[in-house]
Amino acid sequence: MDKISNSQTKTAPAELEIVMPIRKCPECGGVVQPGYTELVYELEYTVRIKDVPANLCADCGHAFVPGRVAAEVNRLVNRVIEDVASFAKTQPNTKKTRQTKEIAIAI
């Protein structure tokens, strides 16, 4: 099963904030504000997507990624995994060692 988690969140700069009605977090009832989060996909490789636009709860820190953004991130992750797998096939076999396979992307 693929795992997706969010770590490290930050709020959007003041000049990017848009006046919106106050939204409540469905998890804890706190105030939800626009910001950015990091998504981590545990697949064949660990893929970290940084600075993903999201709505963040000021109280519990839960991040809500809009559907359109989530679809683009999923498309990006799938493309990166395909490209890395394709590249790996062209490389000569080297001694297998335990290495962490991690890809970090900032959007």
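This one's a predicted model, so the numbers in the text were calculated from it and none came from an experiment.

Along the backbone of the protein chain there are one helix and six strands. Classification of the 107 residues of the protein chain by burial places 24% in the buried group. A total accessible area of about 8,000 Å² is found for the protein chain, and carbon and sulfur atoms account for 52% of it.

This part takes up the pattern of salt bridges. The final tally for this structure, using the stated rule, is three salt bridges. Close ionic contact of Glu72 with Arg75 constitutes a salt bridge, the shortest N to O distance being 3.1 Å. In this pair, Glu72 and Arg75 both sit in helix H1 (residues 67-90), three residues apart, roughly one turn of the helix. Under the relative-accessibility criterion, Glu72 is labelled partly exposed at 44%. Residue Arg75 is classed as partly exposed on the basis of its relative accessible area, which comes to 48%. A salt bridge links Asp83 to Arg79, with the nearest nitrogen and oxygen atoms 3.2 Å apart. Placement of the pair is Asp83 and Arg79 together in helix H1, with a separation of four residues, close to one helical turn.

Turning to the pairing of strand S4 (residues 46-57), a few remarks are in order. In this sheet, S4 lies alongside strand S3 (residues 31-42) in antiparallel orientation, the contact comprising 10 bridges. Bridge pairing in S4 links Val40 to Arg48. Connecting S3 to the next strand, S4, in antiparallel fashion are three residues. The pairing of S4 with strand S5 (residues 63-64) spans two bridges and is classified as antiparallel. Each residue of the ladder has a partner; that of Leu56, found in S5, is Ala63.

Within the secondary structure, Thr46 is located in strand S4. Within the structure, Thr46 has its side chain in polar contact with the side chain of Glu42 (distance 3.1 Å).

Rules used in this analysis
- Residues numbered from 1 in each chain as written.
- Predicted model: local features only at pLDDT ≥ 70, side-chain atom pairs only at ≥ 80, totals over all residues.
- Heavy atoms only, no water.
- Helix = DSSP H or I, 4+ residues; strand = E, 2+ residues; numbered from the N terminus.
- Buried < 20%, exposed > 50% of the residue type's maximum accessible area, 1.4 Å probe, protein only.
- Areas by Shrake-Rupley, 256 points an atom, 1.4 Å probe, with all protein chains shown as cover.
- Salt bridge = Lys/Arg side-chain N within 4 Å of Asp/Glu carboxyl O.
- Pairing = 2+ DSSP bridges.
- Polar contact = N/O pair within 3.5 Å; in protein donor to acceptor, adjacent residues only side chain to side chain.

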